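# Structural features, examined
In case you want the letters, here they are:
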Amino acid sequence: MAESGQQLPEEVLALIFRHLSLRDRGAAARVCRAWAAAATCSTVWHDTNISCDCERESILLPYLSACLDHVHNLRLEFEPAKKPSRRAATELLTAFVGRSPGLRSLCLECRGEKPLFDAGRDVLDAVQAICQAARQLHHLDLRRLPFTLDDKLVLQVARGCPELRSLFLNNSTLVGSVGPGSVLELLEACPCLRALGLPLGSLSYTALQALTAPYRTPLALLALRCACPEDARAPPLPDEAWAALRRRHPGLSVELELEPALPAESVTRILQPAVPVAALRLCLSADAVGPLHFAAQHYAATLRVLEVRAAASAELDAALELLAARCAGLREVHCFCVVRPSVLQAFRAHCPRLRSYTLKLTREPHPWRPMHVA
């Protein structure tokens with residue numbers, strides 16, 4: 001600890017200040033010149049998390065404009081239904097336009113409920129403007145935005161962010177407005193993509209072919225969300241296309257998320273043996289037993305994460321026990337309904353790599369917390 005009259009080195013102060021909220025950074029910057037210099041240095045702002053719900057002062061504090069150039073990775077939370085929170089978020093995003101050449105990563109997360117019939121144009125327009133300016137952007141994560149993403153946004157990303165490494169558009173909207181054509185243009189413009197999240201209806205046979213191009217960076221993750229009518233109507237992609245993709249990218253993992261709006265016949269069509277599914281999330285109003293049997297038969301070698309939200313039944317318990325016996329590589333299992341003790345015993349006995357599970361034997365108050373295996 002520094003003695004009275006001594007000042008901590010700027011690099012030490014910076015390591016402390018980087019953990020402060022935006023409001024507290026502003027307060028620290030007003031203490032003295034040394035603290036002001038430390039609070040505005042690049043170390044503090046390189047990785048910046050801002051919650052527009054927690055900041056009680058204006059988010060665009062007087063010194064903030066001098067710090068925008070230092071922000072490389074930005075994670076921004078806001079509540080779209082609260083006008084002050086939303087206005088603060090859009091003001092901050094707008095401030096980055098023209099000042100964001102160094103921005104490498106942008107992640108947006110919405111909290112609370114989205115107002116009805118809200119298209120989110122103010123937020124999406126700000127994101128598009130950033131994509132036009134930040135040509136060094138490597139990561140863009142919009143999974144937590146409740147607004148409908150469209151071709152206009154995807155095409156702007158394709159034209160403005162050629163160095164993109166990861167892009168997640170698989171958000172929780174019930175309307176699919178990202179067409180296969182814009183996705184294909186994105187893939188052609190961004191050969192360095194290693195992780196891609198899409199609604200299933202946005203993926204096409206031509207896109208899978210484009211992903212096998214020899215000049216592309218190895219693809220590590222393909223996250224597909226199936227929730228809207230466009231996903232339910234999407235024709236199954238040929239097994240040979242998936243096989244070619246796996247040969248080109250042997251380390252590829254596919255995350256598959258199935259939502260309640262999907263009819264049973266669509267679920268049967270979406271699940272394909274040739275897809276290397278590593279994470280399967282089932283939140284179905286229809287029967288989940290059939291998909292679990294399918295996963296046990298075809299994804300035994302690749303499945304690492306399983307999440308099930310379904311009604312408890314003896315048939316579901318039996319399907320989970322079968323899957324546990326066949327999918328020895330599972331790391332996580334989360335089932336949000338009560339299961340019989342033999343289900344828990346099956347996963348403990350057959351899955352030696354299990355690290356986290358949610359398998360409740362009796363009803364408990366929500367939220368259910370997972371158990372971590374030492």
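Scroll up to find the structure this text is about.
Only a predicted model underlies this, so the values are computations on that prediction, with no experimental measurement involved.

To continue, consider helix α6 (residues 121-133). The first and last C-alpha atoms of α6 sit 18 Å apart over 13 residues, in line with the 18 Å expected at 1.5 Å per residue. Where α6 is concerned, the buried positions are Val-123, Leu-124, Ala-126, Val-127, Gln-128, Ile-130 and Cys-131. Buried-residue contacts for α6 involve β2 (73-78), α5 (83-96), β3 (105-110), β4 (139-144) and α7 (151-160).

Unfilled space is identified by rolling a water-sized probe across the atoms. Taken as a whole and assessed by the stated rule, the structure comprises three cavities of 30 Å³ or more. Approximately 110 Å³ is the volume attributed to the largest cavity. Along its surface, the largest cavity is lined by 15 residues, and Leu-200, Trp-242, Ile-270, Gln-272 and Val-275 are the ones closest to its centre. Among the elements of the structure, β8 (253-258) and α12 (264-270) are those that each provide at least two residues to the lining of the largest cavity. Of the residues contributing to the lining of the largest cavity, the split by class is 13 nonpolar, one polar and one charged. Looking at the second largest cavity, its volume works out to about 60 Å³. Lining the second largest cavity we find Asn-170, Asn-171, Thr-173, Val-175, Gly-176, Pro-199, Arg-225, Ala-227, Cys-228 and Asp-231.

The omega torsion of the bond from His-366 to Pro-367 falls at 5°, within 30 degrees of zero and hence cis. Tracing the backbone through its elements, the reader meets Pro-367 in the loop between β12 (356-359) and β13 (371-372).

Counting 117 residues, the largest nonpolar core has Trp-242, Leu-258, Leu-323 and Phe-347 as the members making the most contacts within it. Top contributing element to this core by residue count: α6, with six residues. Setting aside its immediate chain neighbours within four residues, Leu-258 contacts Cys-226, Val-267, Ile-270, Leu-271, Arg-281, Leu-282, Cys-283 and Leu-284.

A cluster of nonpolar side chains, namely Leu-8, Val-12 and Ile-16, defines an oily patch on the protein surface of about 210 Å² accessible area. The class of Ile-16 is partly exposed, set by a relative accessible area of 42%.

Our next topic: the packing of aromatic side chains. Counting across every chain of the model gives two aromatic pairs. When the ring of Phe-294 is compared with that of Tyr-299, the centres are 5.7 Å apart and the planes differ by 70°; the resulting orientation is edge-to-face. A cation sits over an aromatic face here: Arg-309 above Phe-336, 4.0 Å from the ring centre.

A word on helix α13 (residues 289-298). What α13 keeps buried is the set Val-289, Pro-291, Leu-292, Phe-294, Ala-295 and Ala-296. Its buried side turned inward, α13 meets α12, β9 (277-283), β10 (305-309) and α14 (314-326).

The next thing to look at is the pattern of salt bridges. Counted according to the given criterion, the structure contains 20 salt bridges. Measuring nitrogen to oxygen at the nearest pair gives 3.1 Å for the salt bridge that ties Glu-77 to Arg-111. Placement of the pair is Glu-77 in strand β2 and Arg-111 in the loop between β3 and α6, with a sequence separation of 34 residues. Overall, the relative accessible area of 12% leaves Glu-77 in the buried class. For Arg-111, a relative accessible area of 35% puts it in the partly exposed group. Asp-150 is paired through a salt bridge with Arg-121; the nearest N and O atoms lie 3.4 Å apart. Of this pair, Asp-150 sits in the loop between β4 and α7 while Arg-121 is found in helix α6, placing the two residues 29 residues apart along the sequence. For Arg-121, a relative accessible area of 32% puts it in the partly exposed group.

Here we come to the layout of surface pockets. One number sums up the size of the largest pocket: a volume of about 390 Å³. Elements that contribute at least two residues to the lining of the largest pocket include exactly β4, β7 (221-226) and β8.

Rules used throughout
- Residues numbered from 1 in each chain as written.
- Predicted model: local features only at pLDDT ≥ 70, side-chain atom pairs only at ≥ 80, totals over all residues.
- Heavy atoms only, no water.
- Helix = DSSP H or I, 4+ residues; strand = E, 2+ residues; numbered from the N terminus.
- Expected span 1.5 Å × (residues − 1).
- Buried < 20%, exposed > 50% of the residue type's maximum accessible area, 1.4 Å probe, protein only.
- Contact = heavy atoms within 4.5 Å.
- 1 Å grid on protein atoms, 1.4 Å probe; cavity = no way out; pocket = protein on both sides within 12 Å on 5 of 7 lines; lining within 4 Å.
- Points joined across faces, edges and corners; volume = space filled by probe spheres on them.
- Nonpolar A, V, L, I, M, F, W, Y, C, P; charged D, E, K, R; others polar.
- Core = buried A, V, L, I, M, F, W, Y, C linked by side-chain atoms within 4.5 Å.
- Patch = residues over 30% accessible without salt bridge, like charges linked within 9 Å, V, L, I, M, F, W, Y side chains within 5 Å.
- Areas by Shrake-Rupley, 256 points an atom, 1.4 Å probe, with all protein chains shown as cover.
- Salt bridge = Lys/Arg side-chain N within 4 Å of Asp/Glu carboxyl O.
- Phe/Tyr/Trp six-rings, centres within 6.5 Å; stacked < 30°, edge-to-face > 60°.
- Lys NZ or Arg CZ within 6 Å of the ring centre and 35° of its normal.

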